[in-house]
Amino acid sequence: MNPERSELNGTEKPTSDDVAKILRERIESGELEAGAPMPTQALLVQEFEVQRSVVRQALRILQQEGLLTEVTRGSPARVAARSSRTVAADGTPRQTMVALGPRISASFGATDVRIDALCLTAESLSAALGEQRTLIHTRRSMPTTVTVRVLLPNRDIDLAFPRMISDPEESDPVHRRWLAQRNAHGIVLSDHLRGLGAVHGIDVDIQFKALPFTPPVKLYLLNGTEALFAYYQVTEREEQIGRESVAMYDALGGVSPLFSFGAGDSQARRDHAFVVQSQAWFDALWTTIATDLVLG
């Protein structure tokens, strides 16, 4: 019997949490190096003397923690680089621009990819989905379908942020800039996905809808099993827009810490409830107060 295993729970049948804990310790200690392939499921089954389903769920837990990447059908996952993990070694959530890409990559290991997002401009999402081009072009990720729904603020509302601190006398340069960014990132995101679908025969469905309020948070729901959540960091600053220096309240979405919640069978009930309720909240917004959005 593996002494590491019996030390954890005193039984000969470790759970997926036990297996995940041992593998997590090996990753954090450097025994399993960043970029290295994980042992095959068959080897892990043999080592821990458990059913394949236990190993599969343990690996899923580590995927949801951002410790594994390049998760595709038929090949072992790889240990994620420390700089790309959702959570740092000390447990601190990483910034959205750093953490979102690996989680999107992990979600593309599914046959049918489904991503729902609520955000201010879709900048982080567009960048993260753009990274999938390399994975798909090199056949490291090849889903059959990709469905993406994005909720963004309506162009005509008075945004809480970003906005000028003083009321604009005529046209609002901050609002114009936000609208241009929202439209540009949405169009790039759509073009990325539709281009991949056309080249590789992936069934792509991407839709945008408009909200009548400013979202104070950003939310990403991945394949119905993971929720990524961040508060927009609002700050007061001055920026040059065109020839004008403008004092504004702005949102620093890219540096907002991204919290990950998983809905796997062995995840905490609180995480599972958060994912389920977040999905229900998004679906309710999508089917009720959100309206069709045409970018441009």
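In case you missed it, the structure is sitting above this.
So, a few notes on the structure that sits alongside this text. Not measured: the values here are computed from a predicted model.

Any two packed helices are characterised by the angle at which their axes cross and by the distance between the axes. At a closest axis distance of 9 Å, the pairing of helix α5 (residues 96-107) and helix α6 (residues 123-130) adopts a crossing angle of 45°. Judged by the inter-axis angle, α5 sits oblique to α6. At the point where α5 passes α6, the crossing takes the right-handed sense. Residues Thr 96, Met 97, Leu 100, Gly 101 and Ile 104 of α5 lie in contact with α6, whose contacting residues are Glu 123, Ser 124, Leu 125, Ala 127, Ala 128 and Leu 129. Classifying every residue of the contact of α5 with α6 by side-chain character gives seven nonpolar, three polar and one charged.

In the sheet, strand β4 (residues 145-153) pairs with strand β6 (residues 203-211) via nine bridges, with the strands oriented parallel. Bridging from a neighbouring strand, Leu 151 pairs with Lys 209 of β6. Two elements, β6 and strand β12 (residues 291-292), share two bridges in a ladder whose sense is antiparallel. In the strand pairing of β12, Lys 209 is matched with Asp 292.

Here we come to the packing of aromatic side chains. A full pass over the atoms with the stated rule returns five aromatic pairs. With 5.7 Å between their ring centres and 90° between their planes, Phe 229 and Phe 274 make a pair best called edge-to-face. Here Phe 274 lies in helix α9 (residues 269-287) and Phe 229 lies in strand β8 (residues 226-231), a separation of 45 residues in the sequence. Looking at Phe 229, the relative accessible area reads 16%, which means it is buried.

Among the nonpolar cores identified, the biggest contains 41 residues, and Ile 104, Ile 115 and Leu 125 are the most heavily contacted of them. Of all the secondary structure elements, the ones that give two or more residues to this core are α5, β3 (112-118), α6, β4, α8 (173-200), β6, β7 (217-222) and β8. In this structure, Leu 44, Val 55, Ala 58 and Ala 77 belong to the second largest nonpolar core, which totals 20 residues.

Within the secondary structure, Val 174 is located in helix α8. On the basis of relative accessibility, which here comes to 1%, the residue Val 174 falls in the buried class. As a C-alpha pair, Val 174 and Glu 239 span 65 residues in sequence and 9.6 Å in three-dimensional space. Not counting chain neighbours up to four residues away, the residues in contact with Val 174 comprise Pro 162, Arg 163, Met 164, Ile 241, Val 246 and Met 248.

Their axes nearest at 12 Å, the elements helix α2 (residues 16-29) and helix α3 (residues 41-48) cross at an angle of 110°. The orientation of α2 relative to α3 falls into the category roughly perpendicular. For the pair α2 and α3, the crossing hand works out as right-handed. Here Val 19, Ile 22, Leu 23 and Arg 26 of α2 lie close against α3, whose contacting residues are Leu 44, Glu 47 and Phe 48. Taken together, the residues that form the contact of α2 with α3 break down as five nonpolar, no polar and two charged.

The rules behind these values
- Residues numbered from 1 in each chain as written.
- Predicted model: local features only at pLDDT ≥ 70, side-chain atom pairs only at ≥ 80, totals over all residues.
- Heavy atoms only, no water.
- Axes fitted to C-alpha atoms, helices over the stretch in contact; angles between N-to-C directions.
- Helix = DSSP H or I, 4+ residues; strand = E, 2+ residues; numbered from the N terminus.
- Parallel < 35°, antiparallel > 145°, perpendicular 65-115°, else oblique.
- Left-handed = near helix turned anticlockwise from the far one by under 90°.
- Contact = heavy atoms within 4.5 Å.
- Nonpolar A, V, L, I, M, F, W, Y, C, P; charged D, E, K, R; others polar.
- Pairing = 2+ DSSP bridges.
- Phe/Tyr/Trp six-rings, centres within 6.5 Å; stacked < 30°, edge-to-face > 60°.
- Buried < 20%, exposed > 50% of the residue type's maximum accessible area, 1.4 Å probe, protein only.
- Core = buried A, V, L, I, M, F, W, Y, C linked by side-chain atoms within 4.5 Å.

No statement about biological role is implied by the geometric values presented.
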